[in-house]
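# Reading the structure
So you can see what is in the structure, the chains are spelled out below.
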Amino acid sequence: MAATATAPTPETAEHARVHALLERLNAALAARDTQAAAALFHADSFWRDLVLLTWNIKTLEGPAAMAAMLEQQLDGAAPVRLALDPAEPVEAADGVTSAWLTIDTRHMRGHGHIRLKGERIWTLLTTAQEIKGHEEPLGVRRPLGAEHGIRRGRQTWLDRRQAEARALGHTEQPYVLVIGGGQGGIALGARLRQLGVSHIVIDRHERPGDQWRRRYKSLCLHDPVWYDHMPYLPFPEHWPVFTPKDKIGDWLEMYTRVMEVNYWSSTRCTRARYDEDRQEWEVTVERGGQTLVLRPRHLVFATGMSGKAHVPTIDGQDVFKGEQQHSSEHPGPDAYRGKKVVVIGANNSAHDICAALWEHGADVTMVQRSSTHIVRSDSLMDIGLGDLYSERAVASGVTTKKADLIFASLPYRIMADFQIPLYARIRERDAQFYRRLEAAGFMLDFGDDGSGLFMKYLRRASGYYIDVGACDLVIDGSIKLQAGKQISHLSENAVVLADGTELPADLVVYATGYGSMNGWVADLISQEVADKVGKVWGLGSDTSKDPGPWEGEQRNMWKPTQQPALWFHGGNLHQSRHYSLYLALQLKARQEGLPVRVYGLQPVHHLR
């Protein structure tokens, strides 16, 4: 884990026990004895591999699954060796011994984390961090920047950048084309730049960061700053805990320039198709009044975590005389002072929009059709995130990278077990707040199993609000609430509920979420390819809006899909930062012609 050498950790009984087990595991791997290696794991155990051995993002559950993976992958990765990280202590608590690892394979160097119960492995995380021979130019490998000496025809840094910009997409084709230039596409572009992967990131907006600038004016990040750093360039120490939308927009614009991302703004993709014979994409884009055809080898959709805006079809939408907007198109509250507004939905965007409209003198009604999980921001920061992403965590030595790996080390199958007690504490801490909210008629939930916000996010990416004040307006009636009501139709000037209640409206805002990201694939490539890939996002937990069977990882995110050379990237800032590395390494490996052999390609169970 450590970036710099430190004094070795003193050996303890726990240290010796983990070291001995690792030596047995290494011996079994060296002997290609996959059964002996699998026998070192508990019957109820988990091995989460991020690209290192599987060339995939894959969780293996139980010794039989681990043996099967090793049978297929070990020859290509060997020699494989796991060792205790000398800069990190071995810790023991509640019958579990945990340790950080360094990992070496034929093609990769990696980090890992291990948990033991008794004498066997309970959880193992293995992650690729760099490809041998293709390391990032960091530290002692950093570029000189200047070319010392005098010679004719010498190019400056600016000369080289301008020459690259002139050629790329015209006389030279990018190896990777990224559709979508928000934080996900920009983070991936920065990773690809550092790995020397030719790329273009395209976006329809005029400037990087406009995806944030053009949202409703009160929008800010609800996640704290420690959770939101971009790769390579963390926010400065004076940065606010919760970043306003225009500030994050400016940061992304600056970041794009400083990290030398090949970014094409004001560019719209109109169609794409995969040429099986040439093993490349043919992507038509419109830029600067021109139509261009790009031919990348790989295509990445970084169009947002969720996909296309979902607007429900409601009778009477064609006769309603007021305005109708999806929340993603809502410009802010300024034009609606004194107006009657109905917001359909009760999650993050709905609460933010309702609160801003009320502040600016609008008469606002929220229509809550199903229950919502609410967690107060201060409770989430303290109990939900504080041990990993906070000033307290930084002071205790938990860097952002270490926090990301700790979070990644918990397999999704058992993550809810760790979240349930945290949200039980939050529920007890904020009991009076929740009683007042329910007394106002608001329908509350804590997820299907009481596991709260993170699991809802991972399973369905909807159904929650991080409260930064709007709930008080619901409680005191400033934001009017219609809960548990379904919508019958729209009249010329009102939203009419199924029980006949009429809600007069000058504006209807549909805060109704987003569809699966493969909806963009259907629009830009074909419905056939969208169905070939299947639903994007979710774990297969068989909970609300996350149908089974169990997947074990996020569907189709950051990993190979059933459509060759088509990838999906996104998520919140934490996920964009963390998983952009693994996606970039997969693309770099293919560019360099490494013998990539993907294990456990995800089958398709759901189309949308």
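Keep in mind the model is a prediction, meaning the values are calculated, not measured. (Residues numbered from 1 in each chain as written. Predicted model: local features only at pLDDT ≥ 70, side-chain atom pairs only at ≥ 80, totals over all residues. Heavy atoms only, no water.)

Glancing now at empty space enclosed by the protein. Taken as a whole, this structure holds four cavities of 30 Å³ or more when the rule is applied. Estimated volume of the largest cavity: approximately 110 Å³. What lines the largest cavity is a set of 16 residues, and nearest its centre among them are Phe407, Tyr412, Leu458, His574 and Gln575. At the level of elements, helix H11 (400–408), helix H12 (412–429), helix H14 (452–460) and helix H18 (573–591) are the ones that each hand at least two residues to the lining of the largest cavity. (1 Å grid on protein atoms, 1.4 Å probe; cavity = no way out; pocket = protein on both sides within 12 Å on 5 of 7 lines; lining within 4 Å. Points joined across faces, edges and corners; volume = space filled by probe spheres on them. Helix = DSSP H or I, 4+ residues; strand = E, 2+ residues; numbered from the N terminus.)

Time to look at the packing of aromatic side chains. Here the structure, examined in full by the defined rule, presents 15 aromatic pairs. Seen in terms of ring centroids, Phe235 and Trp251 are 4.9 Å apart; in terms of plane orientation they differ by 50 degrees. Their pairing is tilted. Residue Phe235 is located in the loop between helix H6 (210–213) and helix H7 (245–258), and its partner Trp251 is located in helix H7; the two are separated by 16 residues in the primary sequence. Pair check on accessibility: Phe235 and Trp251 agree, each one buried. Clustering of aromatic rings is evident, with ring pairs tying together Tyr457, Trp537, Trp558, Tyr579 and Tyr582. In this structure, Lys117 packs its charged tip against the face of Trp122, placed 4.0 Å from the ring centre. (Phe/Tyr/Trp six-rings, centres within 6.5 Å; stacked < 30°, edge-to-face > 60°. Buried < 20%, exposed > 50% of the residue type's maximum accessible area, 1.4 Å probe, protein only. Lys NZ or Arg CZ within 6 Å of the ring centre and 35° of its normal.)

Let us look at H7. Over its 14 residues, H7 runs 20 Å from end to end, which matches the ideal 20 Å to within 8%, given 1.5 Å per residue. Lys245, Ile248, Gly249, Trp251, Leu252, Glu253, Tyr255 and Thr256 are the residues of H7 that are buried. Close packing links the buried residues of H7 with helix H5 (183–195), H6 and strand S10 (263–264). Backbone geometry just downstream of H7 places Glu260 in the positive-phi region, at approximately 60 degrees. (Expected span 1.5 Å × (residues − 1). Contact = heavy atoms within 4.5 Å.)

Let us now look at the sheet that holds strand S9 (residues 199–202). Spatially, five strands are ordered S10-S9-S8-S14-S25 in an open sheet, and the strand pairing comes out parallel. This sheet does not close on itself; its edge strands, each paired only once, are S10 and strand S25 (566–568). As paired elements, S9 and S10 share two bridges and run parallel to each other. Pairing of Ile202 across the sheet is with Trp264, part of S10. Of the strands in this sheet, strand S8 (176–179), strand S14 (298–301) and S25 touch H18, which is tilted by about 165 degrees from S25. (Pairing = 2+ DSSP bridges. Axes fitted to C-alpha atoms, helices over the stretch in contact; angles between N-to-C directions.)

Right, let's get into the confidence of the model for the protein chain. Across the protein chain, the average pLDDT comes to 94, with 98% of residues at or above 70. In this model residues 2–8 is a low-confidence stretch, pLDDT under 50, and it forms six contacts with partners more than four residues away in sequence or in other chains. (pLDDT = per-residue confidence, 0-100.)

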